[in-house]
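Commentary on secondary and tertiary structure
Below are the chains, spelled out letter by letter.
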Amino acid sequence: MSSQLKVNSIRDTSNNEALTISSGNVSFNNTISAGTLGSSVVLPAGTLLQAKYLNSTGTIASGGGSGSFYFKADGSGWSTTQEFAISLTTTQANSNFYVTGFAHPKYTSGQNYFLQTYYYIGHHTASSSTDGDVTYQEIARPFADARSTNNITGQELHPVIGNHLFDLSLSAGVTHYFYFKCAITRMDMEGRSCLTIMEIAG
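First things first, this report covers the structure right here in the doc.

Basis of the calculations
Every residue gets a number counted from 1 within its own chain, in the order that chain's sequence is written. Where local features are concerned, this predicted model is filtered to residues with pLDDT of at least 70; where side-chain atom pairs are given and counted, the filter is 80 or more; whole-chain, interface and lining totals use all residues. To get the side-chain values, all heavy atoms of the structure are used, and hydrogens and water are removed first. The helix count covers DSSP runs of H or I at least four residues long, the strand count covers runs of E at least two residues long, and both are numbered beginning at the N terminus. Any residue under 20% of the maximum accessible area for its type is buried, any over 50% is exposed, and the rest in between are partly exposed; the area is computed with a 1.4 Å probe on protein chains only. In this description, contact between two residues means that some pair of their heavy atoms is separated by no more than 4.5 Å. Reported accessibility uses the Shrake-Rupley method at a 1.4 Å probe radius. Residues are deemed covered only where the shown protein chains occlude them. Just to be clear on terms, a salt bridge is a Lys or Arg side-chain nitrogen sitting within 4 Å of an Asp or Glu carboxyl oxygen. Note on pairing: DSSP must find at least two bridges between two strands before they are called paired. Stacked, tilted and edge-to-face are the three classes applied to pairs of Phe, Tyr and Trp rings, where Trp contributes its six-membered ring and a pair requires centres within 6.5 Å; stacked means planes under 30 degrees apart, edge-to-face means over 60, and tilted covers the rest. Remark: a charge is flagged as sitting over a ring if the NZ atom of Lys or the CZ atom of Arg is within 6 Å of the ring centre and within 35 degrees of the ring normal. As used here, the term nonpolar core means buried Ala, Val, Leu, Ile, Met, Phe, Trp, Tyr and Cys residues forming a set that is joined through side-chain atoms within 4.5 Å. As a rule, the C-alpha atoms of each element are fitted with a line to give its axis, helices using only the stretch in contact, and angles between N-to-C directions run from 0 to 180 degrees.

Considerations on the overall build of the chain
Broken down by element type, the chain carries 0 helices and 17 strands. Across the 202 residues in the chain, those meeting the buried criterion constitute 37%. A fraction of 76% describes how many contacts in the chain between residues 6 or more apart in sequence connect residues 24 or more apart. As presented, the chain carries roughly 11,500 Å² of accessible surface, and 48% of it is formed by carbon and sulfur atoms.

This is the structure in structure tokens:
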């Protein structure tokens, strides 16, 4: 026959109440000074579970042309070949992912054309895949009318930031891959770029 210990509180040797129990719910009355939460512990919605970020000072010189570029995982800048920027293994099931991308597009005025750059955040369950396999979400679209008829000359550098909240319904322990892509039309990229991924309990 199994035995049971029934209590509504536990005190230490100095008679300080360490925890109380009511209707099966346990309340700790003081600081938990040590210990590790097991993988099965579910934290409440909105809790920040983990964060990763990637910085780079790499530039893109499009030469007035167009093309797609991808943030490189080694932090060295941008690549014309698709690659993921950050991989993240989920710590809890059904988490949300708050993603922020930051960049510095630069354009030269007085060249008789419009300039535009699209910024996207993508995600996929595989580390290598074609562009069509990755789900992309547009997060920013800076635009400039740099025609000389507007009497605009010189170069301008503008910081751009965009963000998106992904609800991916993933299981715990799943490695997911995030992409930071820019599609340039006659713009360059200079200065620091940054990608941040935060896993938030759903």
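A few points about the pattern of salt bridges
All told, the structure shown has 2 salt bridges when counted by the stated rule. Two residues, Arg141 and Glu138, come together in a salt bridge whose shortest N-O distance is 2.9 Å. A residue is classified by how much of its surface remains accessible, and Arg141, at 45% relative accessible area, is partly exposed. Take Glu138: its relative accessible area is 31%, and that puts it in the partly exposed class.

What about the sheet that holds strand E13 (residues 155-157)?
With antiparallel pairing, the 3 strands of this open sheet are ordered in space as E13-E9-E16. Two strands close off the open sheet at either side, each with one partner strand: E13 and strand E16 (188-189). Where strand E9 (residues 105-108) meets E13, 3 bridges bridge the pair, whose relative direction is antiparallel. When the bridges of E13 are listed, Lys106 appears paired with Leu157.

Observations concerning the packing of aromatic side chains
This structure, assessed with the given rule, holds 9 aromatic pairs. Here the aromatic rings of Phe84 and Tyr177 are separated by 4.8 Å at their centres, their planes lie at 65 degrees, and the arrangement is edge-to-face. With Phe84 in the loop between strand E6 (78-79) and strand E7 (86-89) and Tyr177 in strand E15 (residues 175-185), this pair connects stretches of sequence that are 93 residues apart. Note on Tyr177: relative accessible area 16%, which makes it buried. An aromatic cluster is present here, built from Phe71, Trp78, Tyr119 and Phe180 joined pairwise through their rings. Directly above the ring of Tyr120 sits Lys181, whose terminal nitrogen or CZ lies 5.5 Å from the centroid.

With respect to the nonpolar core
Among the nonpolar cores identified, the biggest contains 30 residues, and Trp78, Phe97, Tyr119, Phe180, Leu195 and Ile197 are the most heavily contacted of them. For this core, the elements supplying multiple residues, two or more each, are strand E5 (66-71), E7, strand E8 (96-103), strand E10 (114-124), strand E11 (135-140), strand E14 (160-167), E15 and strand E17 (193-200). Here this core takes 4 residues from E15, the largest share from any one element. With residues up to four places along the chain from it excluded, the contact list for Leu195 reads Lys52, Tyr53, Leu54, Phe71, Ala85, Ile86, Val99, Thr100, Gly101, Ile121 and Phe180.

A look at the pairing of E17
The element E17 is extensively covered by neighbouring structure, given that 6 of its 8 residues are classed as buried. Where strand E4 (residues 48-56) and E17 come together, 8 bridges link them in antiparallel fashion. Its bridge partner being in E17, Tyr53 is matched across the sheet by Thr196.

Regarding the side chain of Thr90
Within the secondary structure, Thr90 is located in the loop between E7 and E8. Excluding anything up to four places from it in sequence, Thr90 contacts Gln50, Phe97, Leu170, Ser171, Ala172, Gly173, Val174 and Glu199.

Focus on the sheet that holds strand E2 (residues 17-22)
Overall, antiparallel pairing links the 3 strands, which are arranged E1-E2-E3 in an open sheet. Single-partner strands in this sheet number two, and they are strand E1 (9-11) and strand E3 (25-28). Averaged over all pairs of adjacent strands, the angle between strand axes in this sheet comes to 15 degrees, irrespective of strand direction. Relative to E2, E1 runs antiparallel, the two being bridged by 3 bridges. Bridging from a neighbouring strand, Ile10 pairs with Leu19 of E2.

Some words on unusual backbone geometry
Look at Asn15: it is not a glycine, yet its phi comes out positive at around 70 degrees. Here the phi dihedral of Asn94 falls at roughly 60 degrees; this positive angle occurs in a residue that is not glycine. Within the secondary structure, Asn94 sits in the loop between E7 and E8.

Any functional reading would require information that these geometric values do not contain.
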